[in-house]
Amino acid sequence: MKIIISGSLGNIGKPLATSLIASGHDVTVISSDSDKKTTIENLGAKAAIGSVSDAVFLTETLKGADALFAMTPPNLGGQNIIANTTEAGRAFAKAISETKIKRVVMLSSTGADLPTGNGPIAGLYHIEKLYNELNTSITFLRAGYFYTNFYNDVPMIQGAGIMGGNFPSDVKIPLVHPEDIAQAAAEEIIKTPSGKNVRYIISDVRTPNEIATTLGIAIAKPDLPWIEFTDEQSLQGMTQAGIPEEIAKLYTEMGTGLRNGKIANDFITNNYSVDGKIKLEDFAKQFASSF
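Presented here is a report on the structure given in the accompanying data block. Keep in mind that this is a model prediction, so the values were computed, not measured.

**Side note on unusual backbone geometry**
Item 1. A positive phi is found at Asn80, a non-glycine position, where the angle reads about 50°.
Item 2. Within the secondary structure, Asn80 is located in the loop between strand 4 (67–70) and helix 4 (81–99).
Item 3. A relative accessible area of 53% means that Asn80 is categorised as exposed.
Item 4. For Asn271, which is not glycine, the phi torsion reads 50° and is therefore positive.
Item 5. Structurally, Asn271 can be placed in the loop between helix 11 (262–269) and helix 12 (280–289).

**Section: the pattern of salt bridges**
Item 1. Counted under the stated rule, the structure contains 18 salt bridges.
Item 2. For Glu188, the salt bridge identified is with Arg103, shortest N-O distance 3.4 Å. Of this pair, Glu188 sits in helix 7 (residues 178–189) while Arg103 sits in strand 5 (residues 103–109), and the two are 85 residues apart along the sequence. Assigned by exposure class, Glu188 and Arg103 land together as buried.
Item 3. When the shortest N-O distance is used, the salt bridge between Asp231 and Arg259 registers 2.8 Å. Within this pair, whereas Asp231 is found in helix 9 (residues 231–240), its partner Arg259 is found in helix 10 (residues 245–259), the two being separated by 28 residues in sequence.
Item 4. Residue classification places Asp231 among the partly exposed residues on the basis of a relative accessible area of 23%.
Item 5. Among the ionic contacts, a cluster of salt bridges with common partners joins Arg103, Glu187, Glu188, Lys191, Arg199 and Asp275.

Thresholds, definitions, all that
- Residues numbered from 1 in each chain as written.
- Predicted model: local features only at pLDDT ≥ 70, side-chain atom pairs only at ≥ 80, totals over all residues.
- Heavy atoms only, no water.
- Helix = DSSP H or I, 4+ residues; strand = E, 2+ residues; numbered from the N terminus.
- Buried < 20%, exposed > 50% of the residue type's maximum accessible area, 1.4 Å probe, protein only.
- Salt bridge = Lys/Arg side-chain N within 4 Å of Asp/Glu carboxyl O.

Structure (structure tokens):
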């Protein structure tokens, strides 16, 4: 198959491209960074350098392709993030429609069933709605909360001896490793089911208390606690760390959605399967090696 991958060679794109190339597929990787061109080609893929917000570029890139892995960057521009994310989805939708590509796998998220109250995930809700109008086979690959987000807690662990967020220690959080997302995307992209389908990709379901304890044991801090912050404390902590205010507000809202259970509700109440292979304890070893 001729397959297009967006997302450059990040934590998902690189293992996905590697897997598909190894299976004999003709892979093109979209990147906005021209410096990545040689690295992409050395991997055995073609490079398409351009913006995922540019419908003309996307249409040209998708011509003649059999399948697309569609991923929009999480913080497009740092301002007007939901609108910019949605516009990138609109550009993809236009290119998909014009090229009549037969198979699309979209990277979405738990909580993308909600129009509001989910922080940056709201952009994915709007993109799912756009894609639902397209006349092609689409799987919405709804991923859990990335394990790799916990690397952001390293300064807090080193400086204050705690982990924390504006959600409590006992709430259930569906978690995922990027490599499990890549594996699920590789499986889905070669399928052509009818219509629109949702697949959750979750590696583990754990509480913040279990996360802090497991990561703490791995870094020889077995008593590492999870501290629940207020929304105000969470927002202030992120802005003081240099995160732009709009992004910090969105992540604070996402924390509220995790706290009240709305983001995880569809996955948990409908008893979707946990398909990912990389459990929290497996990630803890990776976390410790880079702590």
